Amino acid sequence: MPGMKRNWLSEAIRRIEADYNRSADTHLIRVDLPRFTGITLYLKDESSHPTGSLKHRLARSLFLYALCNGWIGPDTCVIESSSGSTAVSEAYFAKMLGLRFIAVVPASTAAPKLDAIRFHGGEIHAVDDPRTVYAESHRLAAETGGHYLDQFTYAERATDWRGNNNIAESIFAQMGEEEHPVPRWIVCGAGTGGTSATIGRFIRYQRHASELCVADPVNSAFHRHFADRSVVALPPGCASRIEGIGRPQVEPSFVPAVIDRMIAVDDAASIGAMRALSARIGRRVGGSTGTNIVACQSLIEEMAAAGETGSVVTLLCDGGERYGCTYYDDAWLEGCGLDWRNPATQVAAFLGN
C-alpha cells in the first residue's frame, strides 16, 4: 500500500509539471504613456494562464506543497476558502488529479466565477458571512477526512521565492531588453499576501534596486496593518467590492516587512481605472487590475514630478469576462453606489486614451 501511494504521488506531481511545461510564460505588455516621457508602464498579463488568472500560479504551488508534504493522497477531498479565482484554479488541478474539490465562497461571489469552478468539476459551498469561510473550510475538511489547502496561511511559503520560475523571476527576465530593465517600482495587490511576499523577497535576494508597492482597497486590513502593526482586523461593517484582493483581517501569508509602500485605493477608483485600461488595451480586465493601475498612476506622477525616468511593472490579474454582470454592468454599479465615471476619465487621461 505505501508503494502504491508513492506511485500515485509521483504520477500526480508529473501531471502538474507536465501541465506547466505545456504552458508558455505569460506576456509582458508594454504601455507607452505619451504624457510621461522616459517612463513606461508594463502589465504582466496573468489572464493568459489556463484558468485565466494570477491564481493559477498559486494553485499549482499549493498543490505541489501539499502533495510533497504528504497531505494529499489519491482519495483526499480538497477544500479551499476563496472568493473565486483561486478556487477556479484549484478545481482545475484537482480535476487533473481525479480528486473531489469543494470551494467555500462568499455568497456574493460573481456567478461567472462559480460557473468556472463548476466547469472544472468543483463543488460550491456558499456562506453568507465572508468571515466564516475559514471555520467552514476546517469543518468540511474534518467532516470529509479531507485537506484544507488554506491559501491564506500557506501562500507565502508554498512558492519558491528564490526563483524556480516564479512571477518575480519571470518579470525581471522579460524586462531584460527594455530601456529600463530594472523597474523603479513593481506594483501588485494582496489577497493572501503570497505574491507580494514572493516579489519582495526576490527583489532583496537578487539585490535589485526596485521597490515594491502593494495596492490595497480602502476597506482592507492589510494597508492599515502596514501603517500600524497593532491593527489586525477591519471594524465591523467594512468590506471592499473588489474581488480577489483586500481582506477583513490580516492573513498569515501577508509579510509587511518586504513591502516598501502601500497605497489605499477607493473601490470606485478601481472600477474607473479598470474601465479606462480596458478601453486602452482593447479588452476587458478585472477590478483588481484597476486597483493596481490607480497605484501606478500615483507613483508615475511622483516620478515625473521628481524628474525621474524608468519603468513601472504591475499585474493584469485576470480578464473581465467574469465580471460582466457586476463591474461592467452600469446598473449594478449604480445600485452599489460606485461613482466610477470621474476616476475613469482621470485614468484615461493618464494613459493617454
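Provided above is the structure to which this section pertains.
Figured I'd write up the structure that's included with this text. (Residues numbered from 1 in each chain as written. Predicted model: local features only at pLDDT ≥ 70, side-chain atom pairs only at ≥ 80, totals over all residues. Heavy atoms only, no water.)

This part takes up helix α6 (residues 151-158). The element α6 is extensively covered by neighbouring structure, given that 6 of its 8 residues are classed as buried. The secondary structure elements touched by the buried residues of α6 are α2 (55-68), β3 (78-81), α3 (85-97), α5 (133-144) and α8 (194-205). (Buried < 20%, exposed > 50% of the residue type's maximum accessible area, 1.4 Å probe, protein only. Helix = DSSP H or I, 4+ residues; strand = E, 2+ residues; numbered from the N terminus. Contact = heavy atoms within 4.5 Å.)

This next bit is on helix α11 (residues 287-305). Compared with an ideal rise of 1.5 Å per residue, which puts 19 residues at 27 Å, α11 spans 28 Å between its outermost C-alpha atoms and is within 8% of the ideal. The element α11 is largely enclosed, with a buried count of 14 among its 19 residues. With its phi angle positive at about 75°, Gly307 sits one or two positions after the end of α11. (Expected span 1.5 Å × (residues − 1).)

Here we take up the pattern of salt bridges. For the structure shown, the criterion picks out 25 salt bridges. For Glu156, the salt bridge goes to Arg201, with nearest N and O atoms at 2.8 Å. With Glu156 in helix α6 and Arg201 in helix α8, this pair connects stretches of sequence that are 45 residues apart. Residues joined by salt bridges that share partners form a network here, namely Asp25, Lys44, Glu46 and Arg57. (Salt bridge = Lys/Arg side-chain N within 4 Å of Asp/Glu carboxyl O.)

Moving on: the sheet that holds strand β9 (residues 261-265). The mixed open sheet is built from 6 strands, whose spatial order is β1-β2-β10-β7-β8-β9. In the strand order of this sheet, the two ends are held by β1 (28-32) and β9, each with one partner. Averaged over neighbouring strand pairs, the angle between their axes works out to 25° when direction is ignored. Both strand β7 (residues 185-189) and strand β10 (residues 310-316) contribute to a ladder of 3 bridges, which runs parallel. Within the sheet, the bridge partner assigned to Val187 lies in β10 and is Thr314. Of the strands in this sheet, β7, β8 (211-217) and β10 are in contact with α8, which crosses β8 at around 165°. (Pairing = 2+ DSSP bridges. Axes fitted to C-alpha atoms, helices over the stretch in contact; angles between N-to-C directions.)

Interhelical geometry of α2 versus α3 gives an angle of 50° and a closest axis separation of 8 Å. With respect to their mutual orientation, α2 and α3 come out oblique. α3 is crossed by α2, and the crossing has right-handed handedness. Packed against α2, whose contacting residues are Lys55, His56, Leu58, Ala59, Arg60, Leu62, Phe63 and Leu67, the element α3 presents Ser85, Thr86, Ser89, Glu90, Tyr92, Phe93, Ala94 and Leu97 at the interface. (Parallel < 35°, antiparallel > 145°, perpendicular 65-115°, else oblique. Left-handed = near helix turned anticlockwise from the far one by under 90°.)

Applying the stated criterion across every chain yields a total of 12 aromatic pairs. The interplanar angle of 90° and the centroid separation of 5.1 Å between the aromatic rings of Tyr92 and Phe93 together place this pair among those described as edge-to-face. Plain terms: the ring middles of Tyr323 and Tyr327 are 4.9 Å apart, the flat faces sit at 20° to each other, and that makes the pair stacked. Ring pairs connect the aromatic residues Phe63, Tyr92 and Phe93, which therefore count as one cluster. (Phe/Tyr/Trp six-rings, centres within 6.5 Å; stacked < 30°, edge-to-face > 60°.)

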